[in-house]
Structures are given as C-alpha cells and as structure tokens.
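# Reading the structure
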Amino acid sequence: MRKPLIAMGVAVMAAIGFAAPAQATVNTVDMPFSMAYGNSTTSGTIHFTDGYTASVAGTVHAASGGRRVCAYGVNGSATSGLICSPYAYAGGPNKSLIGSLNIPQPGGVVRVYITMYDENNSALAQEFCTRIGCTRVY
C-alpha cells in the first residue's frame, strides 16, 4: 500500500515540476491619448498590438507659435525609433502624427511617450501611455 502512494506522489510532483509555465496572453488595445499646453492640444489613439509594435495616430493643434508632437516606445531599457508630426502653427491647419513604433523583444512596445514641442524644439508637455491608461509627466 505504501509503495503505490509513493509512486503516485512522485508522479504528481514530476507533473507539477516539469509542467510548462502558463504564458500570459496579450491582446491588442486601442488607448486614446490627449494632452494640452495652454490652448495648444494633441489627441489621438495608440494601437498596441499583440506583437512587437504600437501604432500612433493623432493630431496637433497650435494656439500660439508652432507646435509638434513626437512619440517613441519603451520596453525596459530598449527604445523604439522616434516619430514626429510636422509643425502646426497658430491660425493654420492641424498636423498629423502617424507612424509605427517597434521593439523586437518579448512584450514589444509596452509604454509610449508623447511629447509636445514648441518651434524652438523645447519640450512643453509630456505623457506616457500603457495598455491600461495614460499618465501626465509634465
């Protein structure tokens, strides 16, 4: 009687010890963003994929001077390339920010930083977005 219980215990332990860990499933998410600096604004959507990329589509509106927005992705210490809109000028049309960010490592792009700049390339406002929301940095 004791021998079958030991064999069964060893079998259960082996099954638990050698089972592959469960892998988290990452779904695609569309995260809206918006940010203002005075009356200048930017807004749009970040499309986080279940792969290595995040796509950004948005606009920038300048209420004074020139304004543009740039975005880049982060995963730990890895960063993607930088994408930027053209400058929008007060009284002129809004300008578009459209592009794809890629980090070819597990998890891909996990955080996207969006920064608004003036015509002197000085950063005015910044926020970052993840799959669960956006946070204003400054």
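Described in the following lines is the structure provided in the data block. (Residues numbered from 1 in each chain as written. Predicted model: local features only at pLDDT ≥ 70, side-chain atom pairs only at ≥ 80, totals over all residues. Heavy atoms only, no water.)

## A look at the side chain of Arg68
- By the secondary structure assignment, Arg68 is in strand β4 (residues 66–75).
- Buried charge Arg68 goes without a salt bridge, the closest partner of opposite sign being Asp118 at 8.2 Å.
- In contact with Arg68, not counting residues within four places along its chain, are Val60, Cys84, Ser85, Pro86, Tyr87, Thr115, Met116, Tyr117 and Asn121. (Helix = DSSP H or I, 4+ residues; strand = E, 2+ residues; numbered from the N terminus. Buried < 20%, exposed > 50% of the residue type's maximum accessible area, 1.4 Å probe, protein only. Lys, Arg positive; Asp, Glu negative; His and termini not counted. Salt bridge = Lys/Arg side-chain N within 4 Å of Asp/Glu carboxyl O. Contact = heavy atoms within 4.5 Å.)

## Quick notes on the pattern of salt bridges
- Applying the stated criterion to the full structure yields one salt bridge.
- A salt bridge links Glu119 to Arg67; the shortest N-O distance between them is 3.8 Å. Pair noted here: Glu119 is in the loop between β9 (111–118) and β10 (123–130) and Arg67 is in strand β4, with a separation of 52 residues, a long-range link.
- The class of Glu119 is partly exposed, set by a relative accessible area of 40%.

## Describing the packing of aromatic side chains
- Inspection of the entire model under this criterion finds three aromatic pairs.
- Both rings, one in Tyr72 and one in Tyr113, keep their centres 5.3 Å apart while their planes meet at 15°; by these two values the pair is stacked. In this pair, Tyr72 is assigned in strand β4 and Tyr113 in strand β9, connecting sequence segments 41 residues apart.
- Relative accessible area serves as the criterion here: at 15%, Tyr113 is assigned to the buried category.
- Linked through ring pairs, Tyr72, Tyr113 and Phe128 together constitute an aromatic cluster.
- Geometry around Tyr117 places Arg68 over its ring, the cationic atom sitting 5.5 Å from the centre.
- For Arg111, the ring lying beneath its charged end belongs to Phe128, and the centroid distance is 3.9 Å. (Phe/Tyr/Trp six-rings, centres within 6.5 Å; stacked < 30°, edge-to-face > 60°. Lys NZ or Arg CZ within 6 Å of the ring centre and 35° of its normal.)

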